There are 2 protein chains.
Amino acid sequence: MSKRLSQVLSFGAASLVLLGACEQTSSKEQTTDRPTPTLSEADKPLHTQATALFKPLPPTMPGAESFTPAKVALGKQLFHEPRLSKSGALSCNSCHNLASWGVDNRPTSIGHGFQTGERNSPTVLNAGLHTAQFWDLRAKDLAEQAKGPILNPVEMAMPDEALVVKRLSSIPAYVESFRKAFPNVEQALSYENTAQAIAAFERTLLTPSRFDAFLTGDGSALTAEEKKGLQTFMSKGCTACHSGPAIGGALAQKFGVVKPYKHARDLGRFTQTQVEADKFVFKVPSLRNIEKTYPYFHDGKVWSLEEAVTTMAETQLGQPLTPQETSEIVTFLKTLTGTLPEDALKLPILPASGPDTPQPQI
Amino acid sequence: MSKRLSQVLSFGAASLVLLGACEQTSSKEQTTDRPTPTLSEADKPLHTQATALFKPLPPTMPGAESFTPAKVALGKQLFHEPRLSKSGALSCNSCHNLASWGVDNRPTSIGHGFQTGERNSPTVLNAGLHTAQFWDLRAKDLAEQAKGPILNPVEMAMPDEALVVKRLSSIPAYVESFRKAFPNVEQALSYENTAQAIAAFERTLLTPSRFDAFLTGDGSALTAEEKKGLQTFMSKGCTACHSGPAIGGALAQKFGVVKPYKHARDLGRFTQTQVEADKFVFKVPSLRNIEKTYPYFHDGKVWSLEEAVTTMAETQLGQPLTPQETSEIVTFLKTLTGTLPEDALKLPILPASGPDTPQPQI
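Just so it is clear, the structure is predicted and the values come from calculations on it, not from any experiment.

> Report on the overall build of chain A, specifying residues and quantitative values.
Regarding its fold elements, chain A presents 14 helices and two strands. Here chain A holds 362 residues, and the buried ones make up 57% of them. Within chain A, contacts between residues separated by at least 24 positions form 73% of all contacts whose residues are at least 6 apart in sequence. For chain A, the computed accessible surface area is about 15,100 Å², with 55% contributed by carbon and sulfur atoms.

> Run through helix H7 (residues 172-181) of chain A, naming residues and quoting values.
Residue and element names in this part refer to chain A. Every buried residue belonging to H7 is among Tyr174, Phe178 and Ala181, and all of these are buried. Burial along H7 is one-sided: seen end-on, the buried residues are contained in an arc of 65°. Looking at H7, the residues exposed on the side facing more than 90 degrees away from the buried face are Pro172, Arg179 and Lys180. Contact partners of the buried residues in H7: helix H3 (69-79), helix H6 (161-169) and helix H8 (191-202).

> Outline the packing of aromatic side chains, listing residues and values.
Within a pair of aromatic rings, the relevant descriptors are the distance that separates the centres and the angle that separates the planes. Counted by the stated rule, this structure contains 22 aromatic pairs over all chains. Both rings, one in Phe178(A) and one in Phe182(A), keep their centres 6.2 Å apart while their planes meet at 20°; by these two values the pair is stacked. Classification of Phe182(A) as buried rests on a relative accessible area of 8%. For the pair Tyr261(A) and Phe297(A), a centre-to-centre distance of 5.5 Å together with 75° between the ring planes defines the contact as edge-to-face. With Tyr261(A) in the loop between strand S1 (252-254) and helix H11 (270-273) and Phe297(A) in the loop between strand S2 (281-283) and helix H12 (305-317), the pair connects residues that are 36 residues apart, well separated along the chain. For the pair formed by Tyr261(A) and Phe297(A), the shared burial category is buried. Following the ring pairs from residue to residue traces out a cluster consisting of Phe54(A), Phe211(A), Phe233(A) and Phe332(A). Against the face of Phe134(B) rests Arg138(B), its NZ or CZ located 3.7 Å from the ring centre.

> Quick rundown of the packing of helix H2 (residues 44-53) of chain B against helix H10 (residues 224-235) of chain B? Include the residues and the values.
All names here are of chain B. Where H2 contacts H10, the two axes come as close as 11 Å, and the packing angle between them is 50°. With respect to each other, H2 and H10 are oriented oblique. Once H2 is placed against H10, the crossing between them reads as left-handed. Touching Leu46, Gln49, Ala50 and Leu53 of H2 are Lys227, Leu230, Gln231 and Met234, all from H10.

> Tell me about the domain arrangement of chain A, and please be specific about residues and values.
Residues and elements named next belong to chain A. Domain annotation of chain A identifies domain 1 (40-57 + 207-336) and domain 2 (64-205). Once you take the C-alpha centre of each, domain 1 and domain 2 turn out to be 27 Å apart. A combined buried area of about 2,200 Å² lies between domain 1 and domain 2, and 57% of that area is made up of carbon and sulfur atoms. Of all residues in domain 1, Lys283, Lys292 and His298 give up the largest surface area on contact with domain 2, accounting jointly for 25% of the area buried on that side.

> Run through the pattern of salt bridges, naming residues and quoting values.
Taken as a whole, this structure holds 36 salt bridges over all chains when the rule is applied. Between Glu41(A) and Lys44(A) there is a salt bridge, with the nearest N and O atoms lying 2.9 Å from each other. The exposure class of Glu41(A) is exposed, given its relative accessible area of 61%. Classification of Lys44(A) as partly exposed rests on a relative accessible area of 35%. Residue Asp212(B) is joined to Arg288(B) by a salt bridge in which the shortest nitrogen-to-oxygen separation is 2.8 Å. Separated by 76 residues along the polypeptide, Asp212(B) in helix H9 (residues 210-215) and Arg288(B) in the loop between strand S2 (281-283) and helix H12 (305-317) bring together distant segments of the chain. By the burial criterion, Asp212(B) is buried, and Arg288(B) matches it.

About the criteria used
Residues numbered from 1 in each chain as written. Chains lettered and ligands numbered in written order. Predicted model: local features only at pLDDT ≥ 70, side-chain atom pairs only at ≥ 80, totals over all residues. Heavy atoms only, no water. Helix = DSSP H or I, 4+ residues; strand = E, 2+ residues; numbered from the N terminus. Buried < 20%, exposed > 50% of the residue type's maximum accessible area, 1.4 Å probe, protein only. Contact = heavy atoms within 4.5 Å. Areas by Shrake-Rupley, 256 points an atom, 1.4 Å probe, with all protein chains shown as cover. Arc of directions from axis to C-beta. Phe/Tyr/Trp six-rings, centres within 6.5 Å; stacked < 30°, edge-to-face > 60°. Lys NZ or Arg CZ within 6 Å of the ring centre and 35° of its normal. Axes fitted to C-alpha atoms, helices over the stretch in contact; angles between N-to-C directions. Parallel < 35°, antiparallel > 145°, perpendicular 65-115°, else oblique. Left-handed = near helix turned anticlockwise from the far one by under 90°. Domains from an automatic or database assignment. Buried area = accessible area lost by both parts, 1.4 Å probe. Salt bridge = Lys/Arg side-chain N within 4 Å of Asp/Glu carboxyl O.

Spelled out as structure tokens, the structure:
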């Protein structure tokens with residue numbers, strides 16, 4: 001294992017500890033809002049096993065960023081801001097569409113000049129829970145991630161940080177919003193703070209689902225079929241990688257542990273580290289909202305959730321599933337479809353350009 | 001004047017009558033919600049002159065479409081639906097971004113293959129008040145307009161209506177939503193009804209502003225400078241074309257009545273009718289939210305509102321404005337910046353594709 005990857009993995013472990021702490025607050029708060037959850041005797045063993053492997057989503061996401069409403073509001077504007085792209089036509093939301101679960105449901109996204117990237121755009125929902133960002137884990141957090149696509153020539157294609165800062169600084173309302181979001185900072189409007197604000201907004205994108213209700217002790221939150229699916233998911237060993245609050249997102253793993261992935265081509269983390277052991281290594285994705293975030297895998301080549309599940313079982317666990325088992329697991333996975341916070345779904349109004357705002361270019 | 005254009009113009013007159021009727025309801029409803037508006041003796045002549053030329057926005061937009069919540073909700077999803085484009089990446093909202101006042105603030109929009117169109121994308125806000133749609137008035141209403149870009153090869157580029165219907169029909173939740181939005185109809189999910197639903201949503205996009213408050217009798221809604229600007233706007237003759245509830249949108253007019261437009265190239269309505277009198281004839285745009293919907297004119301070649309105002313005065317009215325007059329008019333125009341209904345700004349959640357949904361193509 002490469003040194004950098006080990007660092008990422010231990011960072012992941014640290015995150016899990018932190019998340020565990022937050023989750024306790026979550027349970028407390030939820031009990032004041034809801035009737036006391038019930039758990040039948042029959043459900044208790046499954047619940048015990050599940051809570052040992054998974055955690056409910058925390059009420060707010062942990063992280064280094066502070067969470068002032070001013071920063072989150074600015075971040076939401078910037079997330080929807082097409083002037084962060086050279087053409088003035090592409091925003092973070094173009095590929096991480098909040099109307100479609102933080103993805104664009106394309107194999108790979110369309111960027112500047114209608115170019116397509118090499119890898120599938122993963123969802124921004126719950127992404128702040130991940131150990132690191134990008135399929136190859138090359139960004140340590142959401143803010144570092146946010147800086148990438150803006151300058152990537154096949155994505156938003158801004159030529160440099162300076163033009164980003166120049167465009168934003170030419171928009172009077174942004175100058176004011178950055179000042180409020182980053183008070184007592186000499187250079188409030190900077191490329192770094194643009195990314196920090198976007199990350200602050202993204203950290204609000206938690207999507208609790210019925211599975212969280214089950215984990216916090218509401219046995220009626222899942223149907224008998226869904227509980228059966230959860231049992232199958234755990235007993236087949238999927239939880240070796242897909243565990244914790246994001247049901248994934250905490251580890252890097254080789255895609256093709258037992259058997260090569262049939263579309264294998266992208267060398268994954270190796271492209272960053274040049275370390276042999278990192279070949280075909282990718283971040284284990286979160287399975288939250290997985291039903292909605294097709295097509296699957298780093299290359300977006302698989303459209304069916306059933307095929308994705310059987311592929312995983314074969315390539316990673318070396319155990320072919322029966323159609324019945326696949327169906328059970330898929331039934332469980334659909335319980336991970338959650339709800340976005342209302343505020344996140346409310347479109348921001350973007351401030352108007354100023355007289356000196358650099359114009360969009362093709 | 002061409003026969004078709006005369007029809008459009010008389011249709012426009014009919015609309016104005018209809019709008020006048022609705023406006024009375026508006027005034028009534030508003031008085032129950034607000035304190036009785038006040039109008040000083042000094043304001044009365046200006047108010048009398050203004051109400052003879054303009055109308056406040058109606059509380060709901062008139063039109064042939066019925067307004068069931070089911071139809072509006074479906075229309076909002078379809079407005080944000082990238083699967084209405086060949087690539088699966090472009091929706092109505094891509095070019096008519098509700099976060100930026102129903103426009104993309106580009107000279108011309110970017111469509112399939114990063115191609116750009118010939119004309120500036122006008123705002124969808126308040127567009128249902130217009131006599132007809134498109135710069136050359138070639139679509140009689142919002143529904144007819146909505147059918148255009150979906151099939152336009154340089155816009156959303158769907159090859160034909162059949163693929164649109166096939167995609168939508170393959171998405172189970174849409175089949176159900178169309179059934180609810182168009183009850184007792186044999187073929188609820190059709191290309192026509194896709195457009196009808198989008199139009200129903202677009203008809204909710206009214207943006208009342210401080211100017212409406214003034215028109216309904218609240219003298220304090222405008223500052224002294226804004227009232228001066230309104231006076232200048234009216235006395236210079238801008239209201240010959242920019243009047244009614246949309247402050248425009250009701251007529252077609254030659255761009256270059258007195259003097260040619262310096263960027264004149266597009267023959268406007270002539271491209272539709274081949275009638276000499278239609279050369280350089282375009283729809284008179286609404287001035288609502290004009291401060292935000294730059295760049296200006298059918299070609300999006302003018303970025304400054306001041307330049308747009310002086311250009312109009314010179315080309316259409318033959319009277320150059322002093323910088324002071326231009327500034328006064330711009331001050332008035334900014335009072336036309338309104339507020340979108342909260343519901344319209346709430347992002348819809350798009351339903352997931354089905355197993356047989358035709359995939360996006362580049």
